[in-house]
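Geometric and topological summary
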Amino acid sequence: MRITLPTVEGKFLRRYKRFFAEVELDDGSVVVAHCPNTGSLIGCLAAGSRAVLRDSQNDARKLRYTFQAIRVGRTLVNVDTSLPNAAVFEAIERGLLPELTGYAEARREVVYGKNSRIDVLLTRKSGELCYVEVKNTTYAVGRAAAFPDAVTERGLKHLGELARMVKRGHRAVQFFFVSRDDVDHFRPADEVDPEYARALRKAAKAGVEILAYSNRVRPDSIELHRKLEIVL
């Protein structure tokens, strides 16, 4: 997926009040960017790291820049939770995800369940439905991508909804969009949210499919890298 707006780079200084990131740009100026991520971003916010900001080019915005990515070691990690859903949808439409091909229609943000919205709803010509929930994943421990990076009641709700869709005879997929390419497998983050980890294992046993793909992140693009082994 291409990032169409221009980006600028600089040195990450700090994140505060969850939604604000302070960055010193390469020209020496310091700006405050919107941080579109409600997670803890554990392991991704070392002061002095290279940061990528997306420039809205709109001075009328309260915060002109959006915190898009940060370098962790040799890897650029996407922190913008608004990008994975669009990237997965584009990959499905282009036939880049073998597990999610063969559907006649793909729709985004469809209301279902108990006042929830599914990220992608796929429909076959026969009427068969596939519910795809996408979770941005930035946390890594060694070579393992792990989710979540903070306690998530919303994530628990989504797993319950997916399990209910399976019970009704539909297909349901929990898709972990790993926003980095330095990992080779995925696991639930028991050390962060043991309740979610238990719920993920329970959902898998109930028939919810678990998929995880790592991604190559660049300032102007995010591209699928490889399918990851799931270790539950």
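Each value, and the rule that gives it
Residues numbered from 1 in each chain as written. Predicted model: local features only at pLDDT ≥ 70, side-chain atom pairs only at ≥ 80, totals over all residues. Heavy atoms only, no water. Salt bridge = Lys/Arg side-chain N within 4 Å of Asp/Glu carboxyl O. Buried < 20%, exposed > 50% of the residue type's maximum accessible area, 1.4 Å probe, protein only. Helix = DSSP H or I, 4+ residues; strand = E, 2+ residues; numbered from the N terminus. Expected span 1.5 Å × (residues − 1). Arc of directions from axis to C-beta. Contact = heavy atoms within 4.5 Å.

With respect to the pattern of salt bridges
Note that side chains of opposite charge can pair when their charged atoms are close. Enumeration according to the criterion identifies 21 salt bridges in this entry. Between glutamate 191 and arginine 187 there is a salt bridge, and its shortest N-O distance comes to 3.1 Å. With a relative accessible area of 45%, glutamate 191 lands in the partly exposed category. Residue arginine 218 pairs with glutamate 223 through a salt bridge whose shortest N-O separation is 3.5 Å. Here glutamate 223 falls in the partly exposed class, since its relative accessible area comes to 37%. One connected set of salt bridges, linked through shared partners, spans Glu9, Asp26 and Arg50.

What to know about helix α3 (residues 194-205)
With twelve residues, α3 extends 17 Å from end C-alpha to end C-alpha; this agrees with the ideal 16 Å at 1.5 Å per step. Among all positions of α3, only Tyr196, Ala197, Leu200 and Ala203 are buried. Projected onto a plane normal to the axis of α3, the buried residues spread over an arc of 125 degrees and lie on a single side. Structural note: α3 exposes Arg198, Lys202 and Lys205 on the side pointing more than 90 degrees away from its buried face. Elements in contact with the buried residues of α3: β11 (144-147), α2 (153-167), β12 (171-178), β13 (185-188) and β14 (209-218).

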